[in-house]
Amino acid sequence: MAAVSATCLRFQPLFSQSNKSGQAAASLKPLSVGWAKNTGFPSLKASRFRVSCAAKPETVDKVIEIVRKQLALTPETELTNESKFAALGADSLDTVEIVMALEEEFDINVEEESSQNITTVREAADMIDKLVQEKSGGGS
């Protein structure tokens, strides 16, 4: 049997449209969650559905600190959850070094295939929180 779980859901408007008064109004497509008959599996109906689970703020801050150090970025360089390593000038070797620094800092082991999927601060922080939780026995 399949299962869906998440620690948080965030719905964001994916487009804007003008309302009658000319102001831009955010719009979301309706979302319905229900159980399909005789299957026991929830169905999600929406034209666009995005799930985003945010890492702990302290994890994000530590990832930003490590990325800034590894890439020798100036304090003026803006780093956010959405900052992409490539946009900051990181090549594949830099990304490997970032992952190694994260492993050392958080005392975790990142599988090679997982490390290849890390392209942003948010992805790194989410992965770290997941691995730390699994290591502490809180994982599934």
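Residues numbered from 1 in each chain as written. Predicted model: local features only at pLDDT ≥ 70, side-chain atom pairs only at ≥ 80, totals over all residues. Heavy atoms only, no water.

In the annotation of an unreviewed UniProt entry, the chain is listed under the name Acyl carrier protein and assigned to Salix viminalis. The Function (unreviewed entry) comment attached to the chain in UniProt states, word for word, "Carrier of the growing fatty acid chain in fatty acid biosynthesis." (UniProt positions renumbered as here; feature names shortened; annotations may be inferred.)

Draft legend 1. Representation of the overall build of the chain within the structure. Along the chain, the regular secondary structure elements total 4 helices and 4 strands. Written out in order from the N terminus, the α and β elements of the chain read β-β-β-β-α-α-α-α. Carbon and sulfur atoms form 51% of the exposed surface of the chain, whose accessible area is close to 10,200 Å². (Helix = DSSP H or I, 4+ residues; strand = E, 2+ residues; numbered from the N terminus. Areas by Shrake-Rupley, 256 points an atom, 1.4 Å probe, with all protein chains shown as cover.)

Draft legend 2. Layout of helix α1 (residues 57-70). Its 14 residues place the ends of α1 20 Å apart at the C-alpha level, agreeing with the 20 Å of an ideal helix rising 1.5 Å per residue. Within the sequence span of α1, burial applies to T59, V60, V63, I64, I66 and V67. Mapping the buried residues of α1 onto a view down its axis gives an arc of 165°, with all of them on the same face. Along α1, the residues that are exposed and aim more than 90 degrees away from the buried face are P57, E58, D61 and K69. Among the structural elements, α2 (92-106) and α4 (121-135) are those in contact with the buried residues of α1. Just downstream of α1 lies A72, where phi reads positive at about 50°. (Expected span 1.5 Å × (residues − 1). Buried < 20%, exposed > 50% of the residue type's maximum accessible area, 1.4 Å probe, protein only. Arc of directions from axis to C-beta. Contact = heavy atoms within 4.5 Å.)

Draft legend 3. Region of the structure containing the nonpolar core. By size, the foremost hydrophobic cluster in this structure holds 25 residues, and its most contacted members are V63, V67, L71, F85 and L102. Breaking this core down by element, the ones donating at least two residues are α1, α2 and α4. The dominant element in this core, judged by the number of residues it contributes, is α4, at 6 residues. Setting aside residues no more than four positions away along its own chain, V67 makes contact with L73, L79, F85, L88 and I98. (Core = buried A, V, L, I, M, F, W, Y, C linked by side-chain atoms within 4.5 Å.)

Draft legend 4. Examining the packing of α1 against α2 more closely. Where α1 meets α2, the closest approach of the two axes is 10 Å, and the angle between their N-to-C directions is 135°. One element, α1, and the other, α2, form an angle in the oblique class. Every pair of crossing elements has a handedness; the one defined by α1 and α2 is right-handed. Along its contact with α1, which presents T59, K62, V63, I66, V67 and Q70, the element α2 presents E97, I98, A101, L102, E105 and F106. Classifying every residue of the contact of α1 with α2 by side-chain character gives 7 nonpolar, 2 polar and 3 charged. (Axes fitted to C-alpha atoms, helices over the stretch in contact; angles between N-to-C directions. Parallel < 35°, antiparallel > 145°, perpendicular 65-115°, else oblique. Left-handed = near helix turned anticlockwise from the far one by under 90°. Nonpolar A, V, L, I, M, F, W, Y, C, P; charged D, E, K, R; others polar.)

Draft legend 5. The arrangement of a nonpolar patch on the surface in detail. Taken together, the side chains of L93, V96 and M100 present a nonpolar region at the surface, about 290 Å² in accessible area. Along the chain, M100 turns up in helix α2. (Patch = residues over 30% accessible without salt bridge, like charges linked within 9 Å, V, L, I, M, F, W, Y side chains within 5 Å. Salt bridge = Lys/Arg side-chain N within 4 Å of Asp/Glu carboxyl O.)

Draft legend 6. Layout of α2. When the terminal C-alpha atoms of α2 are compared, their 21 Å separation across 15 residues agrees well with the 21 Å that a helix rising 1.5 Å per residue should span. Buried residues of α2: D94, T95, I98, V99, A101 and L102, and no others. Each buried residue of α2 lies within a common arc of 160° when the element is viewed along its axis, so the set occupies one face. In α2, the exposed positions angled more than 90 degrees off the buried face are occupied by S92, L93 and E104. Tucked inside the fold, the buried residues of α2 contact α1, α3 (112-115) and α4. Its side-chain oxygen at 3.1 Å from the backbone nitrogen of L93, D91 defines the N-terminal cap of α2. One or two positions beyond α2, positive phi appears at D107, with a value near 55°. (Polar contact = N/O pair within 3.5 Å; in protein donor to acceptor, adjacent residues only side chain to side chain.)

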